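Each chain, letter by letter, is given below.
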Amino acid sequence: MGAADFHILALDYRGYGDSTGHPSENGFTTDVLALYDWAKARSGNSTILFWGHSLGTGIATNAARKLQEERGVQVGAVVLESPYTNIRDAGANIPITLIYRQFPGFEYLILDSMARAGMFFPSDENVKVLSCPLLILHAEDDGVLPPKLGRQLYETAREAYKDKSKVKFVTFPKKLGLGHDYISFNPELPALVKDFLNMK
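Everything numeric here is computed off the predicted structure, so don't read it as measured data.

A. Highlighting the pairing of strand E2 (residues 77-81). In terms of residue burial, E2 counts as a mostly covered element, since five of its five residues are buried. Bridge count between strand E1 (residues 49-53) and E2: five bridges; the pairing is parallel. Its bridge partner being in E2, Gly52 is matched across the sheet by Leu80. Assessed by its sense of winding, the connection that carries the chain from E1 through helix H2 (residues 55-71) to E2 is right-handed. For E2 and strand E3 (residues 134-139), the ladder comprises four bridges, and the chain directions are parallel. Considered in E3, the bridge of Glu81 is made with Leu137.

Right under this line is the structure:
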């Protein structure tokens, strides 16, 4: 893909980076939809896709589902980089929680607290209703979110999608050292994404 083939718009979610406000799942989804509306108004017939990384994967599936269900609009594609199934599963599987899992109250104090704060990010539920092309990317050496979560998400989507060719799962071997944060640095990624989008 050459520079003229695409444009990237990124945002700092409310309460992150240079953005003001307080983080919330509904707020994050609203922010993405506002950016989508802005881009759509200026892009003509260009394809717009949602690309989420880590926490952003739940936001991307939320926004794609909301567009589809509330507006009848299907986003061009959803790309999920280092995803999880839902925020509860993510919290239960990130390595930093390993030491705390043995203590009584872990589920209530840590995992349930996210639900009490209105944070669910149910990608596993969202992909069951999406119909746009879905590309899931995960590195085998992801030390933050285990690849098994990406695979579970893929299997859930594959089971739900009528057109199975619209769902693809790509893993990157440990030897590449991409971990949780560096899939986007892989020089083969642009061609991989372009090929996937051309399949649809």
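B. Broad picture of the nonpolar core. Residues Phe50, Val78 and Leu134 are the most contacted members of the largest nonpolar core, which totals 34 residues. Breaking this core down by element, the ones donating at least two residues are helix H1 (25-43), H2, E2, helix H3 (87-93), E3, helix H6 (147-160) and strand E4 (167-172). Leaving out residues up to four positions away in the same chain, Val78 has contacts with Phe50, Ala60, Ala64, Cys132, Pro133, Leu134 and Leu135.

C. Main features of the side chain of Thr85. Relative to the elements of secondary structure, Thr85 occurs in the loop between E2 and H3. When residues no more than four places from it in sequence are discounted, the contact partners of Thr85 are Phe121, Pro122, Ser123, Asp124, Leu149, Gln152 and Leu153.

Procedures and definitions
- Residues numbered from 1 in each chain as written.
- Predicted model: local features only at pLDDT ≥ 70, side-chain atom pairs only at ≥ 80, totals over all residues.
- Heavy atoms only, no water.
- Buried < 20%, exposed > 50% of the residue type's maximum accessible area, 1.4 Å probe, protein only.
- Helix = DSSP H or I, 4+ residues; strand = E, 2+ residues; numbered from the N terminus.
- Pairing = 2+ DSSP bridges.
- Right-handed = clockwise from strand over helix to strand, strands pointing away.
- Core = buried A, V, L, I, M, F, W, Y, C linked by side-chain atoms within 4.5 Å.
- Contact = heavy atoms within 4.5 Å.

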